[in-house]
Amino acid sequence: MANSPEMRASDGDRDRVAAVLREHTAQGRITMDEFNERLEQLYKSKTYGELARLTADLPEVDLRNRPKVSKEIEKKRDAHAGIKAAWGAWAMASGINWVIWLIVSSTSDGDVYPWPLWVMGPWGMILLISTIFGNNQPKQQQ
């Protein structure tokens, strides 16, 4: 049975139209101001006819058959996950060492040598070199 314009719309119907409006905004067919206006009207809409008017000037969008992310882009995402984790570990360890140094230097009478530099420096240089010159590709399992 086809939905008549007078039939009441559900929350799920409104959510589907909101997804379509987001997609058109992402593609640049409508501006953010138009999107916000339409979204406001969307949640005030009660019938299928009111929902249809919100997208009447836009082409059909099939949200189920969106283009997939290319394999090349997917590989680049995976390739950088390991190096990001390594930099995260470096940053966490460096932060902890600087907090310890700060506590020790604030509770001691004299100047305390900035020893966290010896932790950060060599490790950071190795990470920097491997980030710039490294392969950064995940190892292939055979």
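Draft legend 1. Spotlight on the overall build of the protein chain. Tallying secondary structure elements over the protein chain gives 5 helices and 0 strands in all. Sorting the 142 residues of the protein chain into buried and exposed places 22% on the buried side. Accessible area of the protein chain: about 11000 Å², with a carbon and sulfur share of 59%.

Draft legend 2. Representation of a nonpolar patch on the surface in the model. A contiguous nonpolar patch, built from Met 92, Ile 96, Ile 100, Val 104, Tyr 113, Trp 115 and Trp 118 and spanning about 760 Å² of accessible area, is present on the exposed surface. In terms of residue count, the dominant contributor to the nonpolar patch is helix α4 (residues 71-107) (4 residues). For Met 92, the position within the fold is in helix α4.

Draft legend 3. Examining the packing of aromatic side chains more closely. Scanning all chains against the criterion turns up 2 aromatic pairs. With centroids separated by 5.3 Å and ring planes inclined at 85°, the aromatic side chains of Trp 87 and Trp 90 adopt a geometry described as edge-to-face. In this pair, Trp 87 and Trp 90 both sit in helix α4, 3 residues apart, roughly one turn of the helix. Here Trp 98 and Trp 101 contribute two aromatic rings whose centre-to-centre distance is 5.3 Å and whose plane-to-plane angle is 80°, an arrangement assigned as edge-to-face. With Trp 98 and Trp 101 both in helix α4 and 3 residues apart, the pair spans about one turn of that helix. For Trp 98, a relative accessible area of 29% gives the class partly exposed.

Draft legend 4. Layout of the environment of Ser 10. Mapped onto the secondary structure, Ser 10 falls in the segment before α1 (11-26). Measuring from C-alpha to C-alpha, the distance between Ser 10 and Ser 45 comes to 9.8 Å, with 35 residues separating the pair along the chain. There is a polar contact of 3.4 Å between the side chain of Ser 10 and the backbone nitrogen of Gly 12.

Draft legend 5. Structural context of the nonpolar core. Listed in full, the 10 residues of the largest apolar core are Ala 9, Val 17, Ala 18, Leu 21, Ile 30, Phe 35, Leu 42, Leu 51, Leu 54 and Leu 58. Broken down by secondary-structure element, the contributors of at least two residues to this core are α1, α2 (32-44) and α3 (48-54). Residue contributions to this core peak at 3 residues, all from α1.

Draft legend 6. How the structure looks around the side chain of His 24. Position of His 24 relative to the elements: it lies in helix α1. In terms of polar contacts, His 24 uses its side chain to reach the backbone carbonyl oxygen of Pro 59, at 3.1 Å. Those residues in contact with His 24 that sit more than four places away from it in its chain are Arg 29, Ile 30, Leu 58, Pro 59 and Val 61.

Draft legend 7. Quick look at the pattern of salt bridges. Summed over the entire model, instances satisfying the criterion amount to 4 salt bridges. Here Arg 16 ties to Asp 13 by a salt bridge, and the two come within 2.4 Å at their closest N and O atoms. In this pair, Arg 16 and Asp 13 are both assigned in helix α1, 3 residues apart and thus about one turn of the helix distant. The exposure class of Asp 13 is buried, given its relative accessible area of 10%. Measuring nitrogen to oxygen at the nearest pair gives 2.9 Å for the salt bridge that ties Asp 57 to Arg 38. Within this pair, whereas Asp 57 is found in the loop between α3 and α4, its partner Arg 38 is found in helix α2, the two being separated by 19 residues in sequence. Taking the relative accessible area as the measure of exposure, Asp 57 reaches 53% and is therefore exposed.

What counts as what
- Counting restarts for each chain, with residues numbered from 1 along the sequence as it is written.
- Reporting in this predicted model follows two pLDDT cut-offs: at least 70 for local features of residues, and 80 or more for side-chain atom pairs to be given and counted; totals over whole chains, interfaces and linings ignore these cut-offs and use all residues.
- Side-chain calculation: all heavy atoms of the structure are included, whereas hydrogens and water are not.
- A run of DSSP states H or I qualifies as a helix once it reaches four residues; a run of E qualifies as a strand once it reaches two. Both are numbered from the N-terminal end.
- Think of it in three bands: with a 1.4 Å probe and only protein chains considered, a residue is buried below 20% of the maximum accessible area for its type, exposed above 50%, and partly exposed in between.
- Shrake-Rupley sampling with a 1.4 Å probe provides the accessible areas, and residues are treated as covered by the protein chains on show and by no other component.
- Nonpolar side chains (Val, Leu, Ile, Met, Phe, Trp, Tyr) are joined into patches within 5 Å and like charges within 9 Å, using only residues with over 30% relative accessible area and no salt bridge.
- The salt bridge definition used is simple: a Lys or Arg side-chain nitrogen within 4 Å of an Asp or Glu carboxyl oxygen.
- Stacked, tilted and edge-to-face pairs are distinguished by plane angle, under 30 degrees for stacked and over 60 for edge-to-face with tilted covering the rest, among Phe, Tyr and Trp rings (Trp via its six-membered ring) whose centres lie within 6.5 Å.
- Pairs of N or O atoms within 3.5 Å make up the polar contacts considered here, provided that, within protein, one atom can donate a hydrogen while the other can accept it, and that residues adjacent in sequence are counted only when both atoms are side-chain atoms.
- For the purposes of this section, nonpolar cores are sets of buried Ala, Val, Leu, Ile, Met, Phe, Trp, Tyr and Cys residues that join through side-chain atoms within 4.5 Å.
- Throughout, a residue-residue contact means that at least one pair of heavy atoms, one from each residue, lies within 4.5 Å.

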